[in-house]
Amino acid sequence: MDDSGRGHGFIRTIAMLGNHLPRQCGIATFTTDLTQAIAAEMPELDCFVLAMNDPGVRHAYPPRVRFEIAEGDVSAYRRAADFLNVNGIDVVSVQHEYGIFGPKAGANVLELLRELRMPVVTTLHTIIAAPNPAQRAVMDALVGLSERVVVMSSDGSALLQEVHGVDPGKIDVIPHGIPIPADRRSKDKLGVEGRSVILTFGLLSPDKGIEHVIDALPAILEKQPNTVYIVLGATHPHVKQKHGEAYRHMLESRAEQLGVTGNIIFHNRFVSHEELMEFLGAADIYITPYLKEEQSTSGTLAYAVGAGKAVVSTPYRYARELLAEGRGALVPWRDSGAIAREVTDLLQDTKRRVEMQHRAAVFGRAMSWPIVARRYVDTFKRARAAHDERRRVVFQAKTLAQRPPELPEIDLAHVQALTDDTGILQHATFNIPRYRDGYCTDDNARALLLLTLVEEEGTEPPAVVRALATRYLAFMSHALDEDTGRFKNFLTYARSWVDEPGSDDSHGRSIWSLGAVIGRSSDRGRQGLAAHLFHAALPATATLTSPRAWAYALLGIDEYLRAFQGDSNVQSVGATLAHKLLERFHHSRTPEWSWFEDRLTYCNARLPQAMLLTGNWMGNEEMKSVGRVSLEWLSAQYADASGNFAPVGSNGFHVRGAERAAFDQQPVEACAMVSASLDAHRVTGDARWAEHARLAFQWFMGRNALHAPVFDATTGGCRDGIHVDRMNENQGAESTLSFLLAVAEMRAADRLASRLPIAIGKNGAHAVASPVAAGQMKEGIS
């Protein structure tokens, strides 16, 4: 007996982590069905759900859902882990799909699983034969954190062993559950009595290949004119969010061009189980013309087989196994002719169709939800028993020192308040936008940079990100003088430019933000315009004389090379700027003054940051050394007597040989030091830099000369600085964006730490690789 008086493997509470209805997706349906089946078969068990939410979306969940997690919010995963640990849950069942746990292959879920004190059983809904590095790292870590792994086919088990080296003894093959089929004759209820019915159902997306069935209809109708094709299901919410109904409209247009509109019915809605069974009852042939070979499960195909339907399918992994031994017919990819031949033959050959239906129905009996639910509970008990065998006797709670304070969430409220139809306004009086100061390209570039990071984090609704990022990019497009290749900077509220060209800094910062859009954004429109502006403005960097402008441009080039590493023209420009900055350092440096100029002014940490990153992609050890040495020197200058971050004041700055100004301290300095330190940590692997970043960030939170927060949690803004005796209560764009950029980068570093590959030793111990050992995964402003 264990310390709770229960035998090893005994379970009372099961927590499911995944999507749940009314969210519309296959994982949501699966999680809902599995929890309902467990509750029905074993009512003595308490089975509840932690539901994943898309950014900015909430659903009206049933009481079974007791905790909600925003997929991009790392802190929410930690709170969920605390919730599970405090409530003494016996086993956690993860319904895994790469796309539901946030960006970068869904690595956020690892942050939750690493904190748990109970066994984890993970059901893998997708297993990829050739995963990219992020997918491989996440899957390897996920499997390492799981006591047992469930796959839905023997092919999935073999693939998991082959690609990820998983011990077969750790894998359970449990089929996709299906409702117990009822004998339904539903054609009259659906208005298709007397007709042969072909059915496809599920959420629509371009990878479903439905157009190839439509292309096959003329040939099918030539021999079976009384046939109707029903396409049942709403457009997938993620597809609709990004592309609207473009795919459905294309299908409808295709049907019209082929003259088959009278033989195709689109039901554009997410149907209930009861409705779905009516449609399945009416179908003579079910077809899945999917286009992704790696698809390792399909709930719709499982339902059709379980309902005893004759099935035609493309040969994706799950279909090859489920339809073997005459349980269905496979056709080549994108082959409308083959589809037409198989469908026509099955409709004409009643004996063949009935035999196929019988074989499918017999096979499907073992897939009913009551049977599947009991098999899952057996797996949960095995996982609990194995976990209990090696569980540590002594409970070790994490102290605050072991688990740093949670980072604030990104709040765009004040950014939105400062933004109008033109762009983001420069200044504010308190937290009210100040129109008379107008706009500047500098701040719109900062804002574009922020929104690009926010897009990457995935915590904000895509519509909000698109609206803001598009506006800032449009401002920058308007600011570029195509004739000179230089950006103008200051625009009055009356929409007239007052400086042509703008400052060196505004040009370098523009290159930086445009490079980030190219290197990080998934929006092709923004990427395309950013690339045009980037290349149009890049030659003018040769005319810049400011070391900071060089540094900003180098940061932008580093971002650009994330997407286009090997672009020799851009690399050549970067090398030229980097050698200029390196020469400045050697010219200015003395034994007591390891810096690029004879003074410290603003955004100072960006100079060593540019040296580190450029030296890294150039393979130039001297540049990396100069970056490290100068950043170490700057960090020492910015430390007060207690070791806290205390940047140079803007009221005089610090000229070599003169007294350093202690105030006014500016948010841009803390932001720059956070960013540079995180990159130093990534490039060097030295953990001290992560601590430097944390100290600089704490300046915003109140670890400063006034012992008061510089950011304003009520508005989402940030105060403009620290005076000797008080805060500057104005909340302008530069300050607010500096704070939010620092938050975004700290959260990105947090995500990176949560997704580092885990090595599972023979004794079961977990070893986390360093960023350098993990191939220097790159995240944040780098």
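To be clear, the structure that these remarks concern was listed above.
Residue positions are counted from 1 within each chain, in the order its sequence is given. The model is predicted, so local features are restricted to residues of pLDDT at least 70 and side-chain atom pairs to those at 80 or more, both for listing and for counting; the totals for chains, interfaces and linings are taken over all residues. To get the side-chain values, take all heavy atoms of the structure and skip hydrogens and water.

## Considering the overall build of the protein
Within the protein one finds 28 helices and 27 strands. Each principal axis of the C-alpha atoms in the protein carries an extent, and together these give about 95 × 70 × 45 Å. Relative accessible area decides the class of each residue, using a 1.4 Å probe on protein chains only: under 20% of the type maximum gives buried, over 50% gives exposed, and in between gives partly exposed. Counting only residues that meet the buried cut, the protein has 59% of its 782 residues in that class. Here the contacts in the protein between residues at least 6 apart in sequence split such that 70% fall between residues at least 24 apart. Separation between the mean location of the 82 positive side-chain charges and that of the 92 negative ones in the protein comes to 4 Å. Helix numbers and strand numbers start at the N terminus; a helix is a DSSP run of H or I with at least 4 residues, a strand a run of E with at least 2. Whether two residues touch is decided by their heavy atoms; if any such pair falls within 4.5 Å, the residues are in contact. In this tally, Lys and Arg are treated as positive and Asp and Glu as negative; His is ignored, and so are the chain termini. To locate a charge, the coordinates of NZ of Lys, CZ of Arg, CG of Asp or CD of Glu are taken.

## Things to note about the packing of aromatic side chains
We call Phe, Tyr and Trp rings a pair once their centres come within 6.5 Å, taking the six-membered ring for Trp, and we label the pair stacked below 30 degrees between planes, edge-to-face above 60, and tilted otherwise. In this structure the tally under the stated criterion is 25 aromatic pairs. Taking 6.4 Å as the distance between ring centres and 70° as the angle between the ring planes, the aromatic pair formed by Phe30 and Tyr376 counts as edge-to-face. Taken as a pair, Phe30 in helix 1 (residues 26-41) and Tyr376 in helix 16 (residues 369-390) lie far apart in primary sequence, 346 residues in all. Of the two residues examined, Phe30 and Tyr376, each falls in the buried class. Pairwise contacts between aromatic rings join Tyr435, Tyr439, Phe475, Tyr493 and Trp497 into one cluster.

## A closer look at the nonpolar core
Core analysis: the largest hydrophobic core is formed by 108 residues, its most contacted members being Leu450, Leu514, Phe534, Leu581, Phe697 and Phe700. Throughout this description, the term nonpolar core refers to a set of buried Ala, Val, Leu, Ile, Met, Phe, Trp, Tyr and Cys residues connected via side-chain atoms within 4.5 Å. Listed in part, the 55 residues of the second largest apolar core include Leu34, Met277, Leu301 and Val311.

## With respect to the pairing of strand 1 (residues 13-18)
Burial of strand 1 is extensive: six of the six residues sit out of reach of the surface. Side-chain alternation along strand 1 places Thr13, Ala15 and Leu17 on one buried face and Ile14, Met16 and Gly18 on a second face that is also buried. As paired strands, strand 1 and strand 2 (residues 46-53) are joined by six bridges and run parallel to one another. Paired with Ala15 across the bridge in strand 2 is Phe48. In this analysis, strands are considered paired if DSSP registers two or more bridges between them.

## Details of the sheet that holds strand 13 (residues 329-330)
Pairing is parallel in the open sheet, where six strands are placed in the order 10-9-8-11-12-13. Edge positions in the sheet fall to strand 10 (264-267) and strand 13, since each of these pairs with one other strand and no more. The pairing of strand 9 (residues 227-232) with strand 10 spans four bridges and is parallel. Directly across from Tyr229, in strand 10, lies its bridge partner Ile264. Helix 15 (residues 350-364) contacts strand 12 (310-313) and strand 13 of the sheet and is inclined by roughly 90° relative to strand 12. Whenever a helix is involved, its axis is fitted only over the stretch in contact; in every case the axis is a line through C-alpha atoms, and angles between N-to-C directions fall within 0 to 180 degrees.

## Topic: unusual backbone geometry
Along the chain, Glu500 connects to Pro501 via a cis peptide bond; the corresponding omega equals -5°. If you trace the backbone, Pro501 turns up in the loop between strand 19 (490-491) and helix 20 (504-520). Following Phe663, the chain continues to Asp664 via a peptide bond in cis, the omega torsion being 0°. Note on placement: Asp664 falls in the loop between strand 21 (654-655) and helix 26 (667-684).

## What to know about the environment of Ala373
Secondary-structure assignment places Ala373 in helix 16. Along the primary structure Ala373 and Leu34 are separated by 339 residues, whereas in three dimensions their C-alpha atoms are 6.3 Å apart.

## Looking at the sheet that holds strand 1
Judged by pairing direction, the sheet is parallel, and its seven strands sit side by side in the order 3-2-1-4-5-6-7 without closing on themselves. Pairing within the sheet leaves two strands with one partner each, and these edge strands are strand 3 (65-70) and strand 7 (171-173). Strand-to-strand, the axes of this sheet are offset by a mean angle of 20°, without reference to chain direction. As paired elements, strand 1 and strand 4 (residues 91-96) share four bridges and run parallel to each other. Bridge pairing links Met16 to Ser93 in strand 4. Sheet contacts for helix 1: strand 1, strand 2 and strand 4; angle to strand 1, the most-contacted strand, approximately 170°.

## Some details on the packing of helix 20 against helix 21 (residues 524-537)
Between helix 20 and helix 21, the least distance of the axes is 8 Å, while the angle of their chain directions is 145°. Helix-helix and strand crossings are classified by hand; for helix 20 and helix 21 the assignment is left-handed. Residues His507, Ile511, Leu514, Gly515, Val517 and Ile518 of helix 20 pack against Arg526, Gln527, Ala530, Ala531, Leu533, Phe534 and Ala537 of helix 21. Residues are grouped as follows: nonpolar covers Ala, Val, Leu, Ile, Met, Phe, Trp, Tyr, Cys and Pro; charged covers Asp, Glu, Lys and Arg; every other residue, Gly included, is treated as polar. Class assignment for the residues of the contact of helix 20 with helix 21 results in nine nonpolar, three polar and one charged. The hand of a helix crossing depends on one turn: near helix anticlockwise from the far one by less than a right angle means left-handed, and clockwise means right-handed.

## Some thoughts on the pattern of salt bridges
A pairing counts as a salt bridge when a side-chain nitrogen of Lys or Arg comes within 4 Å of a carboxyl oxygen of Asp or Glu. As enumerated under the stated definition, the model contains 47 salt bridges in all. In this structure, the salt-bridge partner of Arg374 is Glu41, at a minimum N-O distance of 3.3 Å. Placement of Arg374 in helix 16 and of Glu41 in helix 1 is noted, with a sequence separation of 333 residues between them. One salt bridge in this structure joins Glu621 and Lys624, with 3.5 Å as the shortest N-O distance.

## With respect to the pairing of strand 5 (residues 120-124)
Working note: regular strand, side chains alternate between the two faces of the sheet. Counting buried positions along strand 5 gives five out of five residues, so the element sits mostly inside the fold. The two faces of strand 5 match: Val120, Thr122 and Leu124 on one face and Val121 and Thr123 on the other face are all buried. The pairing of strand 4 with strand 5 spans five bridges and is parallel. Across the sheet, residue His96 finds its bridge partner in strand 5, namely Leu124. In terms of strand pairing, strand 5 meets strand 6 (residues 148-151) through three bridges, oriented parallel. Residue pairing across strands places Val121 opposite Arg148, the latter belonging to strand 6. Each parallel crossover has a hand, and for strand 5 linked through helix 5 (residues 133-145) to strand 6 it is right-handed. Handedness rule for crossovers: strands pointing away from the viewer, path from the first strand over the helix to the second running clockwise, crossover right-handed.

## With respect to the environment of Thr714
Looking at the element boundaries, Thr714 is found in the loop between strand 22 (711-712) and strand 23 (717-718). Exposure remark for Thr714: the relative accessible area of 71% places this residue in the exposed category. Residues Thr714 and Ser625 lie 89 residues apart in sequence; the distance between their C-alpha atoms is 42 Å. Any N or O atom pair separated by 3.5 Å or less is treated as a polar contact, with the protein-specific requirement of one donor-capable and one acceptor-capable atom, and with residues adjacent in sequence counted only for side-chain atom pairs. A polar contact of 2.5 Å, which involves the side chain of Thr714, links it to the side chain of Asp712.

## Things to note about the side chain of Arg317
Note that Arg317 resides in helix 13 (residues 317-322). Here Arg317 is in contact with Ala129, Asp155, Leu159, Glu293, Glu294 and Gln295, once residues within four sequence places are set aside.

## Quick notes on the environment of Tyr602
Here Tyr602 is to be found in the loop between strand 20 (599-600) and helix 24 (606-618). Tyr602 sits 142 residues away from Ala744 along the chain, and the two C-alpha atoms are 21 Å apart. Aside from chain neighbours lying at most four places away, what touches Tyr602 is Asp505, Arg548, Tyr552, Phe653 and Glu669. Only 2.5 Å separates the side chain of Tyr602 from the side chain of Asp505, close enough to count as a polar contact.

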